[in-house]
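In case you want the letters, here they are:
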Amino acid sequence: MSRAICVSLLKVKRSIMVDRDRKLIRDLKLWKFHYPPNYAELPISDAPEYNVPVAVKNAVFSKVPTEPLIGKLHLVCASEEAMTDILDLHPEVAETDEFIDFVAGKYLPDGGLTVSHRYGGYQFGYWADQLGDGRAHILGEYVNSKGESWQPQLKGSGETPYSRFGDGRAVLRSSIREMIASEACHYLGIPTTRAAALVVSDDHKVWRDKAYSGAMREERAAVVMRLAPAWYRLGSFEILLKRDEPHTMKQLADFVIKHHFPGVAPDDPDRYVKWYSEVAYRNLDMVATWQGLGFTHGVLNTDNVSVLGLTIDYGPFGFVQHYYEHYVPNTSDDAGRYAFNKQPDIILWNLEKFAEALAPILTDDQKKKINDIRAPLKDYVREKITQTYLNKLGLEQCRDGDAVLVEELLELMQQTMADFTSTFRQLAEVEVSQLIDAKTLESMWSLAKVSKASQWGQWVQKYRDRLEEENVSDENRRTRMLKVNPLYVPRNWILQEAIADAEKNDFEKVRHLLKIFKNPYEVNEEAEKLGYSSQPPSWSFGLKLSCSS
């Protein structure tokens with residue numbers, strides 16, 4: 001590209017940025033929710049006199065006020081892109097007291113209607129009855145300058161009728177994980193909810209047993225503002241089945257189709273069948289992106305699966321480090337139900353339960369049609385995952401034997417404990433002819449590991465043959481691979497270092513991570529200094545997280 005073209009493009013980019021800044025809101029008092037929010041069309045139970053757990057009936061939401069954080073508050077971080085691209089807010093607004101109060105649950109802009117969502121769910125394969133937003137409040141509906149509808153939600157904002165045995169709060173460590181992961185996964189290309197900002201209190205303390213060891217410790221309470229077009233889950237419909245509320249289920253299904261599935265006609269007699277199909281394929285496409293990036297959710301209960309096909313509820317998640325197909329990041333998952341390699345099958349199981357939940361609003365013929373839709377789903381997700389891995393190898397066409405090619409590479413990585421993210425990235429950084437050159441691989445720490453496998457040379461030859469079959473030049477191969485194999489993912493050890501600093505009110509590393517993960521496919525000098533693409537420290541191996549947040 002010529003210098004003149006580069007200069008011209010830079011000028012256009014600056015012009016767009018200036019124009020965008022002029023349109024952004026700089027005073028939070030001028031920012032308003034759309035009123036009434038679309039969810040006001042659905043049944044909302046009245047606010048209880050006291051915030052105590054209660055079995056809610058014939059409602060999708062409960063009207064309940066936030067319980068603001070108290071004490072001295074700090075802005076831990078804010079996502080500039082979520083602020084500007086979703087909320088139409090200028091980044092400088094994040095530094096104001098009004099915005100910090102907004103995120104802390106103290107200030108509600110005009111047009112807000114705070115509700116908590118009712119849902120149930122199967123947890124670790126067993127029905128857990130009513131769950132719901134036990135510490136979260138949807139604040140309202142915001143329709144931005146692009147005409148997009150978004151629902152800001154606070155997590156950690158106090159008790160609700162769904163709090164069960166909880167205190168309605170979230171702690172700083174779990175809130176940082178959710179904040180960083182939401183934004184990082186967005187830029188990695190994973191369908192996900194977003195996060196706008198995070199605040200913490202110096203004085204508002206809660207007790208948590210981080211490792212479920214019986215050793216409770218005091219931690220600071222925090223609130224994260226999450227963003228999504230909507231927060232409906234598979235469990236939103238399961239609770240209505242279990243409580244025998246078909247009228248409310250029909251209301252909710254029709255509402256979700258009308259507002260969130262434009263490809264399904266609201267007056268189509270088979271709209272629930274077509275909607276089920278969309279929900280199924282969106283979630284299977286989502287899990288295929290997870291498998292291609294080594295993302296492991298950790299708690300894939302039906303209440304943690306969005307009907308919109310978005311990654312939701314970042315708890316004890318993890319990104320695979322040294323490749324192990326049975327990787328489990330959650331200390332609570334003793335049986336490995338939600339292990340990395342089981343995620344596609346779990347999504348299929350959850351979709352089966354979703355089909356069961358919809359039964360009261362389906363005819364016998366529609367139930368049969370949904371069974372017909374479900375029949376090829378297992379093959380679909382397997383093929384989708386294979387295609388995802390082929391793309392990671394610079395290939396585009398799926399041919400006979402490709403699944404074996406992928407499986408053999410993963411097996412070699414598992415045998416040698418090679419790093420998942422770095423192996424694929426380093427494959428993109430060397431010429432294919434150098435893959436068996438020991439001297440070249442010396443500087444590629446993860447490739448050097450996998451190359452020690454006895455079958456490595458044979459696999460490389462198969463790979464070269466496959467590239468020749470598709471007539472892929474090495475330049476094209478590497479260009480393609482660099483676009484889909486990230487340098488940086490939010491590994492647990494990286495997050496843990498940022499959390500340790502943040503516990504001392506040093507939020508710089510958290511804010512740096514937001515910037516680094518905005519471009520996870522490009523080299524970042526700060527990230528390289530911190531060793532984020534280097535071999536992980538030994539203490540990080542086997543690092544697991546609990547649900548205590």
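How each quantity is defined
Residues numbered from 1 in each chain as written. Predicted model: local features only at pLDDT ≥ 70, side-chain atom pairs only at ≥ 80, totals over all residues. Heavy atoms only, no water. UniProt positions renumbered as here; feature names shortened; annotations may be inferred. Helix = DSSP H or I, 4+ residues; strand = E, 2+ residues; numbered from the N terminus. Buried < 20%, exposed > 50% of the residue type's maximum accessible area, 1.4 Å probe, protein only. Pairing = 2+ DSSP bridges. Polar contact = N/O pair within 3.5 Å; in protein donor to acceptor, adjacent residues only side chain to side chain. Contact = heavy atoms within 4.5 Å.

Looking at an unreviewed UniProt entry, one finds the protein named Selenoprotein O and attributed to Parnassius mnemosyne. The UniProt entry for the protein carries the following comment under Sequence similarities (unreviewed entry): "Belongs to the SELO family." Recorded under Cofactor (unreviewed entry), the UniProt text for the protein is reproduced unchanged: "Mg(2+)".

**Student:** Outline unusual backbone geometry, supporting the account with residue identities and numerical values.
**Tutor:** Cis rather than trans, the peptide bond between Tyr 35 and Pro 36 has omega equal to -5 degrees. Tracing the sequence through the fold places Pro 36 in the loop between helix H1 (3-23) and strand E1 (44-45). In this structure, Asp 129 is a non-glycine residue whose phi angle is positive, near 65 degrees. Relative to the helices and strands, Asp 129 is located in strand E6 (residues 126-130).

**Student:** Please give an account of the pairing of strand E11 (residues 194-208) that cites residues and values.
**Tutor:** Most of E11 sits out of view: 11 of its 15 residues are buried. With five bridges joining them, strand E3 (residues 73-78) and E11 adopt antiparallel strand pairing. Looking across to E11, one finds that His 74 is bridged to Val 200. Bridge analysis of E11 against strand E12 (residues 217-228) gives 10 bridges, and the strand direction is antiparallel. Its bridge partner lying in E12, Ala 195 is registered against Arg 226.

**Student:** Would you mind going over the side chain of His 117 in detail, with residue names and values included?
**Tutor:** Note that His 117 resides in strand E4 (residues 115-117). Take His 117: its relative accessible area is 0%, and that puts it in the buried class. Looking at His 117, its side chain comes within polar contact range of the main-chain oxygen of Val 60, at 2.9 Å. Setting aside residues no more than four positions away along its own chain, His 117 makes contact with Val 60, Phe 61, Gly 132, Asp 133, Tyr 162, Trp 231, Tyr 232, Arg 233 and Ser 236.

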